[in-house]
Amino acid sequence: MKQLELFIERIILASRWLLIVFYVGLAIALALYAASFGFKLFKFATNIFSVDEADSILDMLGLIDAALIASLVVMVIISGYENYVSRFDDEDSVHWLGEIDTGSLKIKVASTIVAISSIHLLQIFLNVEKYNGENLMWYTIIHLTFVVSALFLAFIDRVAAMTKAMGRAKPPAQPKS
């Protein structure tokens, strides 16, 4: 029976390598998105003198949005691989990443989503004449939902860290009566 248990544990542990398919897929998607970014940048550069300032700002916000999304994908790929599959052999190549556990990754993802949502909301507000009041209200509510969710995630992560730290601290010695 112990042999069967060890065999099952090896299979379960080896299954983490299936995540490679997802991380490589995300890397391919990132390369395709980079090509899309290059096209948007080329279009922006060739039209820079023929568009008004508002359209120019909207185009730049779109480029910033793309950079944030790309950064988010890289963060998920690298920290996901490091946390769930295997450590990088060349730690110097990812020293800038720091220690990102799943809790801090969630916070970073949530704050990036809030930043992306903020850019989209700013793009909408710069084109406010194209939207009715009800649409503006819903876009704002959705954005605020992202903000509140990110704040709750940060709060929960902070409470969990404090609880963990308190669990490691030794209780004070009780005086003998």
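How each quantity is defined
Note that residues are indexed from 1 along each chain, following the sequence as it is written. Selection of residues for local features in this predicted model requires a pLDDT of at least 70, selection of side-chain atom pairs for listing and counting requires 80 or more, and totals for whole chains, interfaces and linings are taken over all residues. With hydrogens and water stripped out, all remaining heavy atoms of the structure feed into the side-chain values. Think of a nonpolar core as a cluster: buried Ala, Val, Leu, Ile, Met, Phe, Trp, Tyr and Cys residues, connected wherever their side-chain atoms sit within 4.5 Å. We call a residue buried when its accessible area falls under 20% of the maximum for its residue type, exposed when it is over 50%, and partly exposed in between, using a 1.4 Å probe and counting protein chains only. Note on contacts: a residue pair qualifies if any of its non-hydrogen atoms lie within 4.5 Å across the two residues. Axis lines are fitted through C-alpha atoms, for helices just across the contact stretch, and the angle between N-to-C directions can take any value from 0 to 180 degrees. Only DSSP runs of H or I covering at least 4 residues are called helices, and only runs of E covering at least 2 are called strands; the numbering of each starts at the N terminus. Orientation is classified from the angle alone, with under 35 degrees giving roughly parallel, over 145 giving roughly antiparallel, 65 to 115 giving roughly perpendicular, and any other angle giving oblique. Each crossing is labelled by how the near helix is turned from the far one, with a counterclockwise turn of less than a right angle marking it left-handed and a clockwise turn marking it right-handed. Only Asp, Glu, Lys and Arg are considered charged, only Ala, Val, Leu, Ile, Met, Phe, Trp, Tyr, Cys and Pro nonpolar, and every remaining residue, Gly among them, polar. The term polar contact refers here to a pair of N or O atoms within 3.5 Å; inside protein, the definition further demands a hydrogen-donor-capable atom paired with an acceptor-capable atom, and it admits residues adjacent in sequence only when both atoms are side-chain atoms.

Ranked by size, the top nonpolar core spans five residues in total: Tyr23, Val73, Ile77, Tyr81 and Val85. Not counting chain neighbours up to four residues away, the residues in contact with Tyr81 comprise Trp17, Ile20, Tyr23, Val76, Ser86 and Phe88.

The contact between helix α4 (residues 102-126) and helix α5 (residues 133-168) brings their axes to 9 Å, and the two run at 160°. As judged from the angle between their axes, α4 and α5 are roughly antiparallel. As α4 packs across α5, the resulting crossing turns out to be left-handed. Of the residues in α5, those touching α4 at Gly103, Ser104, Lys106, Ile107, Ala110, Ile113, Val114, Ser117, Ser118, Leu121, Ile124 and Phe125 are Leu136, Tyr139, Thr140, His143, Phe146, Val147, Ala150, Leu153, Ala154 and Asp157. Its residues placed into classes, the contact of α4 with α5 shows 14 nonpolar, six polar and two charged.

Mapped onto the secondary structure, Ser79 falls in helix α3 (residues 53-85). For Ser79, a relative accessible area of 1% translates into the label buried. At a separation of 2.6 Å, a polar atom in the side chain of Ser79 contacts the main-chain carbonyl oxygen of Met75.

A word on the environment of Ser71. Tracing the chain through its elements places Ser71 in helix α3. The sequence separation of Ser71 and Thr112 amounts to 41 residues, and the corresponding C-alpha distance is 8.7 Å. At 2.9 Å, the side chain of Ser71 forms a polar contact with the backbone oxygen of Ala67.

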